[in-house]
Amino acid sequence: MPDPKDLKLGDKVRFISRPDEWSQPDYCIDSDDIVFMDRLIVRGYPARVCRIDEHGNPWIQVRLKSDFEYEHDTWSIMESSGWIKVVPRKASK
């Protein structure tokens, strides 16, 4: 599994499922976080790492449409599952 701390500023990630860590019995997750993650998964396109905090954790900032309005949210990627790093396509000549 990928280590989120290997991500760098500007890298893109796509969320593909809820993190496996969330299903562990001792892991506590807020219901709003579950809804947010489900929206990122359905959204289907990647988010760019916009900052790295003082602990080395990557953060994304996303804009999600909700009831004809846009919401701006940030998220720290701490789990090593549920996302993939998007590899840029090579430019064709």
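Residues numbered from 1 in each chain as written. Predicted model: local features only at pLDDT ≥ 70, side-chain atom pairs only at ≥ 80, totals over all residues. Heavy atoms only, no water.

Asks: Describe the overall build of the protein, naming the residues involved and giving the relevant values.
Replies: Looking only at helices and strands, the protein features 1 helix and 5 strands. Secondary structure of the protein in N-to-C order comes out as β-α-β-β-β-β. Considered along the principal axes of its C-alpha atoms, the protein spans approximately 50 × 35 × 25 Å. When the 93 residues of the protein are sorted by exposure, 29% land in the buried category. Within the protein, contacts between residues separated by at least 24 positions form 60% of all contacts whose residues are at least 6 apart in sequence. As presented, the protein carries roughly 6800 Å² of accessible surface, and 51% of it is formed by carbon and sulfur atoms. Taken as two groups, the 15 positive and 17 negative side-chain charges of the protein have centres that lie 14 Å from each other. (Helix = DSSP H or I, 4+ residues; strand = E, 2+ residues; numbered from the N terminus. Buried < 20%, exposed > 50% of the residue type's maximum accessible area, 1.4 Å probe, protein only. Contact = heavy atoms within 4.5 Å. Areas by Shrake-Rupley, 256 points an atom, 1.4 Å probe, with all protein chains shown as cover. Lys, Arg positive; Asp, Glu negative; His and termini not counted. Charge placed at Lys NZ, Arg CZ, Asp CG, Glu CD.)

Asks: How would you summarise the pairing of strand 2 (residues 47–52) if you had to cite specific residues and measurements?
Replies: Examined bridge by bridge, strand 1 (residues 12–15) and strand 2 share 2 bridges and lie antiparallel to one another. Counted as the bridge partner of Lys 12 is Arg 48 from strand 2. In this sheet, strand 3 (residues 58–66) lies alongside strand 2 in antiparallel orientation, the contact comprising 3 bridges. Residue pairing in the sheet places Arg 51 in a bridge with Trp 59 of strand 3. Between strand 2 and strand 3, which pair antiparallel in sequence order, lie 5 residues; one of them, Gly 56, sits at a positive phi of approximately 90 degrees. (Pairing = 2+ DSSP bridges.)

Asks: How would you sum up the nonpolar core? Please name residues and give values.
Replies: The biggest cluster of nonpolar side chains holds 15 residues, and the ones touching the most others in it are Val 13, Phe 15, Leu 40, Ile 60, Val 62, Trp 75 and Ile 77. Beyond its immediate sequence surroundings of up to four residues, Trp 75 is in contact with Phe 15, Trp 22, Asp 33, Phe 36, Met 37, Pro 58, Trp 59 and Ile 60. (Core = buried A, V, L, I, M, F, W, Y, C linked by side-chain atoms within 4.5 Å.)

Asks: Can you tell me about the packing of aromatic side chains, naming the residues and giving the values?
Replies: Under the defined criterion, the tally for this structure stands at 2 aromatic pairs. Through a chain of ring-to-ring contacts, the aromatic side chains of Trp 22, Phe 36 and Trp 75 assemble into a single cluster. Against the face of Trp 59 rests Arg 51, its NZ or CZ located 4.5 Å from the ring centre. In this arrangement the basic side chain of Arg 63 is found over the ring face of Tyr 70, its NZ or CZ atom lying 3.9 Å from the centre. (Phe/Tyr/Trp six-rings, centres within 6.5 Å; stacked < 30°, edge-to-face > 60°. Lys NZ or Arg CZ within 6 Å of the ring centre and 35° of its normal.)

Asks: I'd like a description of the sheet that holds strand 3, backed by residues and values.
Replies: Taken in spatial order, the 5 strands make up an open sheet running 4-3-2-1-5, and their pairing is antiparallel. In the strand order of this sheet, the two ends are held by strand 4 (69–76) and strand 5 (83–86), each with one partner. For this sheet the average axis-to-axis angle between neighbouring strands, irrespective of direction, equals 40 degrees. Helix 1 (residues 31–43) contacts strand 1, strand 2, strand 3 and strand 4 of the sheet and is inclined by roughly 80 degrees relative to strand 3. (Axes fitted to C-alpha atoms, helices over the stretch in contact; angles between N-to-C directions.)

Read these as geometric descriptors, not functional statements.
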